[in-house]
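# Inside the fold
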Amino acid sequence: MPCPKPSRRSLLLTTLATGALLSVGRFAAAQEDQPGSSDRPKKGCDLLVISEGERAVIAPDDVKLGEPALHAWPKDPKTSVVRNGSRLNEILLVRLNPGEMDEETRSRSADGIAAYSAICTHAGCSVTGWLKSETGNEDVLKCFCHNSEFNPREGAQVVFGPAPRRLPALPLAIADGSLTIAATFVGKAAASKKTPSARRPP
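Thresholds applied
Residues numbered from 1 in each chain as written. Predicted model: local features only at pLDDT ≥ 70, side-chain atom pairs only at ≥ 80, totals over all residues. Heavy atoms only, no water. Helix = DSSP H or I, 4+ residues; strand = E, 2+ residues; numbered from the N terminus. Contact = heavy atoms within 4.5 Å. Areas by Shrake-Rupley, 256 points an atom, 1.4 Å probe, with all protein chains shown as cover. Core = buried A, V, L, I, M, F, W, Y, C linked by side-chain atoms within 4.5 Å. Buried < 20%, exposed > 50% of the residue type's maximum accessible area, 1.4 Å probe, protein only. Salt bridge = Lys/Arg side-chain N within 4 Å of Asp/Glu carboxyl O. Disulfide = S-S within 2.5 Å. Pairing = 2+ DSSP bridges. Axes fitted to C-alpha atoms, helices over the stretch in contact; angles between N-to-C directions.

### Considerations on the overall build of the protein chain
Looking only at helices and strands, the protein chain features two helices and 10 strands. Reading the secondary structure of the protein chain in the N-to-C direction produces α-β-β-β-α-β-β-β-β-β-β-β. Look at the contacts in the protein chain between residues 6 or more apart in sequence, and 56% of them connect residues 24 or more apart. Total accessible area on the protein chain stands at roughly 11,200 Å², and carbon and sulfur atoms take up 55% of it.

Spelled out as structure tokens, the structure:
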């Protein structure tokens, strides 16, 4: 059976819908390519926003004790540019019991919240897990690509797997009720690669 000829109205609606989708795509690409989006986090300036959805600014109360790490991006509050142009800027925020932190980790944290790079130092995969360690009873940050585990209470040092070094730490502060970046990353980041984010298997 031959396809019916499209009406002028349906053609017009299709054209409008296609144009709207292309505009959204161009807007998203423009957001990613804004000047400063690939810059490293700026100390004493950048806020932190949730990496998914509407990119809401993160307050200390948004990071809950015992819950999985919150994924975040730095954001320049003056220009509103989110620094998501580089994978190396993705940050993990985890709230810990200050009494369980070592002195170095406590000094970099804000209200019990520690921040680390979300990129594994082994092969550049994304660190997405928060679960009991293979070597103990504490929850740790885990990369599911090759099962490296990092203890956030001790500067995200490696406690299991092939990762050669700890995750870079990002010192935090609290200003006007929001988490802010107090200094640049401490530690060497993995080389960014185009490996898809590792997700915890179902």
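There's plenty left to go through after this.
### Quick look at the nonpolar core
Counting 19 residues, the largest nonpolar core has Y116, V127, L141, F150 and L167 as its most contacted members. Counting residues per element, the ones that place at least two in this core are strand 3 (91-95), strand 4 (113-117) and strand 6 (139-143). In terms of nonpolar packing, the next biggest core, distinct from the first, is built from 14 residues, I58, A72, I113 and A115 among them.

### Looking at the environment of C125
Within the fold, C125 resides in the loop between strand 4 and strand 5 (129-132). With relative accessibility at 3%, the residue C125 sits in the buried group. In the structure, C125 is positioned 21 residues away from H146 in sequence and 9.0 Å away in space, judged by C-alpha atoms.

### A short note on the pattern of salt bridges
Throughout the structure, instances matching the rule amount to 10 salt bridges. Among the salt bridges present, the one from R153 reaches E100, with a minimum N-O distance of 3.4 Å. With R153 in the loop between strand 7 (148-151) and strand 8 (157-160) and E100 in the loop between strand 3 and helix 2 (103-108), this residue pair connects regions lying 53 residues apart in the sequence. By relative accessible area, which is 7% here, R153 ends up buried. Two residues, K142 and E149, come together in a salt bridge whose shortest N-O distance is 2.9 Å. In this structure, K142 and E149 share a single accessibility class: buried. Each of D39, D46, D76 and R83 takes part in salt bridges that share partners, so that together they form one network.

### Side note on the state of the cysteines
For the coordinates displayed, the defined rule picks out one disulfide. Covalent S-S linkage joins C125 and C145, the inter-sulfur distance amounting to 2.2 Å. Looking down the S-S bond of the C125 and C145 bridge, the torsion is -100°, so its handedness is left-handed. Of the two residues, C125 sits in the loop between strand 4 and strand 5 while C145 sits in the loop between strand 6 and strand 7, which places them 20 residues apart along the sequence. Judged by its relative accessible area of 28%, C145 falls in the partly exposed class.

### Focus on the sheet that holds strand 6
Read across the sheet, four strands follow the order 5-6-7-8 without closing on themselves; strand pairing throughout is antiparallel. The open sheet has two free edges, formed respectively by strand 5 and strand 8, since each of these has just one partner strand. Put simply, the sheet's adjacent strands are angled 45° from each other on average, direction ignored. Relative to strand 7, strand 6 runs antiparallel, the two being bridged by three bridges. Within strand 7, the position partnered with L141 by the bridge is F150.

### Looking at the pairing of strand 9 (residues 172-175)
Two elements, strand 9 and strand 10 (residues 178-181), share four bridges in a ladder whose sense is antiparallel. Counterpart to A175 in the pairing with strand 10 is S178. Linking two consecutive strands that pair antiparallel, namely strand 9 and strand 10, is a turn of two residues; a positive phi of about 55° is found at D176 within it.

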